[in-house]
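Okay, here's what each chain looks like letter by letter:
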Amino acid sequence: MSQNKRLTLRFMLVFMVAYIGYTIPFTQIIPFLTASGYTASERGLILAGMSLVGIFGQFIFGFLCDKYRTVKKFYYGALIALVVFSWATYATTGNLFYYHLITFAFTGGLFQIVVGLLDAWTLESDPYLVLHYGKIRAFGALGWAIGSPMTAMIVNRLGYDKLGLANLIITLVTFAVSWTLKDAVKVTHKSGIHWDDVKLLVRRKEYLVLVAILLMINIVASADMYTVIDKILLLGGTNGDVSLKWSFQAIVELPLFFLGARLLVKFGGKKLLLFATVMYFIRFFGYAWASTPALLIAFSGFQMVTFPLINVSSKVLIAGESPDHLRSTGLLFATSMSFSLASLIAPITFGFLVQTFGTNATLIGIALSTTIPFALGLWYMTMKPLDKTII
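An account of the accompanying structure is given in this report. Per chain, residue numbering runs from 1 following the sequence as it is written. Local features in a predicted model are, by the rule used here, given only for residues with pLDDT of at least 70; side-chain atom pairs are given and counted only at 80 or more, and totals for whole chains, interfaces and linings are based on all residues. The side-chain values count all of the structure's non-hydrogen atoms but skip hydrogen atoms and water molecules.

With that out of the way, let us pick up the overall build of the protein chain. The numbering of helices and of strands both runs from the N terminus, where a helix is a DSSP run of H or I of at least 4 residues and a strand a run of E of at least 2. Of regular secondary structure, the protein chain possesses 20 helices and zero strands. This radius of gyration counts C-alpha atoms alone. The globule rule is 2.2 Å times how many residues there are, raised to the power 0.38. For the protein chain, the C-alpha radius of gyration of 20 Å lies close to 21 Å, the compact-globule estimate for 391 residues. Considered along the principal axes of its C-alpha atoms, the protein chain spans approximately 55 × 45 × 45 Å. Accessible area is worked out with a 1.4 Å probe on protein chains only. A residue is then buried under 20% of its type maximum, exposed over 50%, and partly exposed in between. Scored against the burial criterion, the 391 residues of the protein chain give a buried share of 59%. Pairs of residues are marked as contacts when any of their non-hydrogen atoms sit within 4.5 Å. Excluding contacts between residues fewer than 6 apart, the proportion of contacts in the protein chain whose partners are at least 24 apart in sequence is 87%. About 15,700 Å² of surface is accessible on the protein chain, with carbon and sulfur atoms providing 70% of the total. Between the mean site of the 30 positive side-chain charges and the mean site of the 17 negative ones, the protein chain shows a separation of 6 Å. For every accessible area listed, the method is Shrake-Rupley and the probe measures 1.4 Å; residues are considered covered only by the protein chains on display. His is not counted, nor are the chain ends; Lys and Arg add positive charge and Asp and Glu add negative charge. In plain terms, the charge of a residue is placed at NZ if it is Lys, CZ if Arg, CG if Asp and CD if Glu.

Structure follows, in structure tokens:
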């Protein structure tokens, strides 16, 4: 077996174990807040706090990774912090708003940070891993499919307060399987990394348009966590239905993650981005039409042709728009401005729209909003990336 294939297999294992751990603090956020008696507006504020930590945290961590030329050490530090805050979060049940506002803010924000750092570590370790990132990320989806029902089982049998211990155990396994992997390969800049370098990155029109497209897509995708789960519960669904939805989505996205390299070479990242946007349009119209938890879970199967295509293509496109000495900054800033900012905007906006117009009308509006990133995507198709080879 070649060295590249061995490296790929090792990162596959790391992703699978790490994502099992990620499900523990993340997938039970809404059920926990609901069970604790928080109102829709209180849940919105707590979720907004998570997004704020994610936005600023990812940008800071990305810059520090480039400045000090290491991703692995910062990933481990953020992972330890995630265990501490998630344990503190779920150890105390009941309506303790200000306590959970702080602990959930850091739990959710650190979740976003460790996901971004693991991506950066992988993509900057070897060019071979960039092309085969989809296969590696597929094992993250597999870990998510394993972890979601496992987390629900822990809650049902042992209670929320045992989630912290479960997360600690999985995190120790993550350390064990990744400890001997080499750190990301960093390009040394002759004058070091300064804030002026970051200004040059964020002033690139091509980079900003790409981030704007990803922001709009992620705002739409965020409704899958908030508005769709609320509709499942509104229609009489249970925590088990929510966990089934997460697991089902994680399983159906596997095929296109494995085919990611082939699709990138054949069609290119920009075309995959446009196709996935159209599929999100269909997906959310389906959510609006669905009248039972089972139908909502069935339409979540469109995850197959949305998330994996966005995930794989965006990583390559962001790398193509970022200078080599700012790879981590470019990736994590784009993630913070798209995923984390979307997570801030979505719960506040969708909560207001649901209360004003109802769930189904909101879902139809979300579907129609995909025309904005689609139009920006057509414009982005005419732009040229930096002159360098990524895959």
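Using a 1 Å grid laid over the protein atoms alone, points where a 1.4 Å probe fits but cannot get out form a cavity; open sets with protein on both sides within 12 Å along at least 5 of 7 lines form a pocket; any residue with an atom within 4 Å of a point counts as lining. Grid points are joined across faces, edges and corners, and a volume is the space filled by probe spheres set on the points. Taken as a whole and assessed by the stated rule, the structure comprises four cavities of 30 Å³ or more. Size it by volume and the largest cavity reaches roughly 880 Å³. The wall of the largest cavity is formed by 42 residues, among which Arg137, Asn218, Phe307, Asn311 and Phe339 lie closest to the centre. Polarity classes work like this: nonpolar for Ala, Val, Leu, Ile, Met, Phe, Trp, Tyr, Cys and Pro, charged for Asp, Glu, Lys and Arg, and polar for all others, with Gly in that last group. Per-class residue counts for the lining of the largest cavity are 22 nonpolar, 14 polar and six charged. By volume, the second largest cavity amounts to about 90 Å³.

Glancing now at the environment of Met337. Tracing the backbone shows Met337 in helix α18 (residues 327–357). Spatially, the C-alpha atom of Met337 lies 9.2 Å from that of Gln58, the residues being 279 residues apart in sequence. If we skip the residues at most four places from it in the chain, Met337 touches Ile55, Val211 and Leu215.

In this section: the side chain of Thr174. As for its placement among the helices and strands, Thr174 is situated in helix α8 (residues 163–178). Setting aside anything within four residues of it in sequence, one finds Thr174 in contact with Val17, Ala18, Tyr75 and Leu79.

A few words on the environment of His325. On the secondary structure map, His325 appears in the loop between α17 (307–321) and α18. His325 gets classed as buried once you look at its relative accessible area, which sits at 15%. Sequence separation of His325 and Thr306 is 19 residues, and the distance between their C-alpha atoms is 30 Å.

The subject of this paragraph is the pattern of salt bridges. Salt bridge, as used here: a side-chain nitrogen of Lys or Arg that lies within 4 Å of a carboxyl oxygen of Asp or Glu. Going through the model one piece at a time under the given rule, you end up with six salt bridges. Notably, a salt bridge pairs Glu321 with Arg204, separated by 2.8 Å at the nearest N-O pair. Taken together, the residues Glu321 in helix α17 and Arg204 in the loop between α9 (195–202) and α10 (205–222) connect sequence positions 117 residues apart. Of the two residues, Glu321 and Arg204, both sit in the buried class. Here Lys245 makes a salt bridge to Asp224, at a shortest N to O gap of 2.7 Å. Placement of the pair is Lys245 in helix α12 (residues 239–252) and Asp224 in the loop between α10 and α11 (227–234), with a sequence separation of 21 residues. Among the residues examined, Lys245 registers a relative accessible area of 0% and is labelled buried.

Moving on: helix α3 (residues 40–68). Taking 1.5 Å per residue as the helical rise, α3 with its 29 residues ought to reach 42 Å, and the 42 Å between its terminal C-alpha atoms agrees with that figure. Directly after α3, the chain includes Arg69, whose backbone phi takes a positive value near 55°. Given a helix with a known number of residues, its expected span is that number minus one, times 1.5 Å.

Our next topic: the environment of Gly159. Relative to the elements of secondary structure, Gly159 occurs in the loop between α7 (133–158) and α8. The sequence separation of Gly159 and Tyr207 amounts to 48 residues, and the corresponding C-alpha distance is 45 Å.

Bringing α11 into the picture now. If you check which residues of α11 are buried, you get Thr227, Val228, Ile229, Lys231 and Ile232. Those residues of α11 hidden inside the fold are in contact with α2 (29–35), α12, α15 (269–289), α16 (293–299), α18 and α19 (359–368). Among the residues trailing α11, Gly236 stands out with phi positive, at a value near 95°.

Before going further, it helps to examine the packing of aromatic side chains. Ring pairs (aromatic) are described by centroid distance and by the angle formed between their planes. Working definition: a ring pair exists when centres of Phe, Tyr or Trp rings (six-membered ring for Trp) sit within 6.5 Å. Plane angles under 30 degrees give stacked, over 60 give edge-to-face, the rest tilted. Tallied over the full model, the rule gives 33 aromatic pairs. Each ring, one from Phe15 and one from Tyr19, has its centre 5.8 Å from the other, and the planes form 15°; the classification is stacked. A residue pair is termed a helical-turn pair when its members lie 3 or 4 positions apart in one helix, as Phe15 and Tyr19 do in helix α1 (residues 3–26) at four residues. Judged on exposure class, the residue Phe15 and its partner Tyr19 are both buried.

Let us look at the packing of helix α4 (residues 72–91) against helix α5 (residues 97–123). With axes taken as lines fitted to C-alpha atoms, and helix axes fitted only over the stretch in contact, angles between N-to-C directions fall between 0 and 180 degrees. It is at 8 Å that the axes of α4 and α5 come closest, and there the two elements cross at 150°. Taken as axis vectors, α4 and α5 run roughly antiparallel relative to one another. Here the hand of the crossing between α4 and α5 comes out left-handed. Partitioned by chemical class, the residues of the contact of α4 with α5 number 20 nonpolar, five polar and one charged. Relative orientations are named as follows: roughly parallel for angles under 35 degrees, roughly antiparallel for angles over 145 degrees, roughly perpendicular for angles from 65 to 115 degrees, and oblique for any other angle. Note on convention: near helix rotated counterclockwise from far helix by under a right angle means a left-handed crossing. Clockwise means right-handed.

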